[in-house]
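# Structural description and commentary
Chain by chain, the residues:
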Amino acid sequence: MKDKPNSTRTYDADGYRLRAAGVCVKDEMEREVLLVSSSKEPDKWVVPGGGIEPNEQAHLAALREVREEAGVEGHLGRCLGVFEVSQNTERKHRTAVYILLVTAELPEWEDSVNIGRRRKWFDLEDAVRELNENKPVQSGYLRLLLKSKEKDS
């Protein structure tokens, strides 16, 4: 574990930082997803997510992260998978990614107040294109969701 302001980073036995994220969908059709502005580059969009706290379960971390970063609440659905980034030894992480059906959008939320974070609904295909450039791993979350939608139709 490594302390940083307001949170504690947790790592697995392989040295990967443990994270959780929520792909927030507007309805059961899962054709629209909510992205949030990046805290580092506010003109870019990302999937809400962050570190898992000590003794916190991944699905609960995903619920907490989407509330903090996107200001939404909802019903947690299936786990899309665990996505791994290991390009270099300093930023290795494994992220458990869940679908979250949004039931409420808060008018103000932690990151909107503290850092001016914004949220925006995107058509699934547009969100994939948006993430391709700056967050290719996150784009992979949505490509997997898109593939599952194509199988269903």
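Below or above, wherever it landed, is the structure these notes cover. (Residues numbered from 1 in each chain as written. Predicted model: local features only at pLDDT ≥ 70, side-chain atom pairs only at ≥ 80, totals over all residues. Heavy atoms only, no water.)

## What about the packing of helix α3 (residues 124–134) against helix α4 (residues 136–152)?
Where α3 contacts α4, the axes come no closer than 7 Å and their chain directions differ by 155°. Between α3 and α4, the interaxial angle falls into the category roughly antiparallel. As α3 runs across α4, the sense of the crossing is left-handed. Across the interface between the two elements, L124, E125, A127, V128, L131, N132, E133 and N134 from α3 touch P136, Q138, S139, L142, R143, L145, L146 and K149 from α4. Here the residues of the contact of α3 with α4 are counted per class, giving eight nonpolar, four polar and four charged. (Axes fitted to C-alpha atoms, helices over the stretch in contact; angles between N-to-C directions. Helix = DSSP H or I, 4+ residues; strand = E, 2+ residues; numbered from the N terminus. Parallel < 35°, antiparallel > 145°, perpendicular 65-115°, else oblique. Left-handed = near helix turned anticlockwise from the far one by under 90°. Contact = heavy atoms within 4.5 Å. Nonpolar A, V, L, I, M, F, W, Y, C, P; charged D, E, K, R; others polar.)

## Describing the nonpolar core
Ranked by internal contacts, the top residues of the largest apolar core, which has 21 residues, are V23, V33, L142 and L145. Sorting the residues of this core by element identifies β3 (17–25), β4 (32–37), β7 (72–85), β8 (93–105), α3 and α4 as the ones contributing at least two each. One finds C24, V36, L100 and W121 within the second-largest nonpolar core, a separate group that totals 10 residues. (Core = buried A, V, L, I, M, F, W, Y, C linked by side-chain atoms within 4.5 Å. Buried < 20%, exposed > 50% of the residue type's maximum accessible area, 1.4 Å probe, protein only.)

## Thoughts on α4
For the α-helix, the turn length of 3.6 residues means that residues three or four positions removed from each other point alike. For α4, built from 17 residues, the straight-helix expectation of 24 Å at 1.5 Å per residue is met to within 8% by its first-to-last C-alpha distance of 24 Å. Within the span of α4, buried status applies to Q138, S139, G140, Y141, L142, L145, L146 and K149. (Expected span 1.5 Å × (residues − 1).)

## Focus: the pattern of salt bridges
Considering all chains together, one arrives at 14 salt bridges under this definition. Where E30 meets R78, a salt bridge forms, and the shortest distance between an N and an O atom there is 2.9 Å. A residue pair is termed long-range when its members are at least 10 positions apart, and E30 in the loop between β3 and β4 and R78 in strand β7 qualify at 48 residues. Relative accessible area serves as the criterion here: at 8%, E30 is assigned to the buried category. The partner of D111 in a salt bridge is R117, and the shortest N-O contact between them spans 3.0 Å. (Salt bridge = Lys/Arg side-chain N within 4 Å of Asp/Glu carboxyl O.)

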